[in-house]
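A structural walkthrough
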Amino acid sequence: MRRSDVRPSAPCRVPLMAISASLPSAVPMVSRGSARGQTSTFTGLDEAAERAVAFVDAGADAIGLNFYPGSKRFITYDDAASIVREVSAYVKTVAVMVQPTINDIAEALDATEVDGVQVYEPKFEVPAFDFKKLLYYSVRVKEAGEVKSASRLGADLIFLDAYRKDAFGGTGHLSNWDEILKSEVDLSTRFVLSGGLTDQNVCDAIRLLKPYGVDTASGVEETPRRKDRDKIKKFITDAKQCM
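Summary of the structure given here. Not measured: the values here are computed from a predicted model.

Calculation notes
- Residues numbered from 1 in each chain as written.
- Predicted model: local features only at pLDDT ≥ 70, side-chain atom pairs only at ≥ 80, totals over all residues.
- Heavy atoms only, no water.
- Phe/Tyr/Trp six-rings, centres within 6.5 Å; stacked < 30°, edge-to-face > 60°.
- Helix = DSSP H or I, 4+ residues; strand = E, 2+ residues; numbered from the N terminus.
- Buried < 20%, exposed > 50% of the residue type's maximum accessible area, 1.4 Å probe, protein only.
- Disulfide = S-S within 2.5 Å.
- Salt bridge = Lys/Arg side-chain N within 4 Å of Asp/Glu carboxyl O.

This part is about the packing of aromatic side chains. Aromatic ring pairs are defined here through the distance separating the ring centres and the angle between the ring planes. Tallying each qualifying case throughout the model produces two aromatic pairs. Between phenylalanine 67 and tyrosine 77, the aromatic rings sit 4.9 Å apart at their centres with planes inclined by 90 degrees, giving edge-to-face as the arrangement. Placement of the pair is phenylalanine 67 in the loop between β4 (62-66) and α2 (77-87) and tyrosine 77 in helix α2, with a sequence separation of ten residues. Residue class for phenylalanine 67 comes out buried when judged on its relative accessible area of 7%.

This part is about the state of the cysteines. For the coordinates displayed, the defined rule picks out one disulfide. Cysteine 203 shares a disulfide with cysteine 242; S-S distance 1.8 Å. One quick way to see it: the torsion about the S-S bond of cysteine 203 and cysteine 242 is about 80 degrees, and its sign makes the bridge right-handed. Of this pair, cysteine 203 sits in helix α6 (residues 202-209) while cysteine 242 sits in helix α7 (residues 229-242), and the two are 39 residues apart along the sequence. Across this residue pair, the class does not change: cysteine 203 and cysteine 242 are buried.

The subject of this paragraph is the pattern of salt bridges. Between side chains of opposite charge, pairing is possible as soon as their charged atoms come close. Going through the model one piece at a time under the given rule, you end up with four salt bridges. For lysine 182, the salt bridge goes to glutamate 179, with nearest N and O atoms at 2.9 Å. Taken together, the positions of lysine 182 and glutamate 179, both in helix α5 (residues 177-183) and three residues apart, correspond to about one turn of that helix. For lysine 182, a relative accessible area of 52% corresponds to the exposed category. According to the relative accessible area criterion, glutamate 179 is buried, its value standing at 15%. A salt bridge links lysine 234 to aspartate 199; the shortest N-O distance between them is 3.6 Å. Here lysine 234 is found in helix α7, whereas its partner aspartate 199 is found in the loop between β10 (191-193) and α6, with 35 residues between them in sequence. Since its relative accessible area comes to 15%, aspartate 199 is described here as buried. Ionic contacts of the salt-bridge type, sharing partners, join the residues Asp199, Lys234 and Asp238 into one network.

Quick look at the structure:
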């Protein structure tokens, strides 16, 4: 994708519901699309391409590639490109970026050919540009008003993550379920719940909040840079059953 291909978007985007999950180096995500017409996703992939294939085998609908240098799950463009080549025929691949500029995103898309981008606190107005790719917006929820504001954004999917100062996803802390409920926003169409989800609490989260999808990173890890195949499989299986 050339920088010249980044153009002002139309006033309204049509949500694309192919994926629902949370994305940073390799993390699993599941959405209603995967079970009864919704989807599952892994984000936060920072392992070799063969490890990514294991996520696909487990039932992931998408894979998130973390390009935030401040993350312990950071992955290089070269490694990401090799993963994309291996799995792009089977799952969506998404770049996870923190406070990116338009040029940052264009560079990532050029280097890796991912299907979309997930942004935390972008340095541009979300509805203002059309990257000709899926656009996901992440909110670190502190209060209900942030969920309401996010619901008006022209993003394809919106991720509701835990708030921790100077941390952008992958903290292992739960997002603020009370404030999310207080917002009274219908999460079932394009909201993905992330933050501290494991196979032990994912069904509770789905039943209580009824999101379009769920996402996890630390919840399926042996260590911050290595995913556990058994945990991945169990998370996806449990989430799909509860969707």
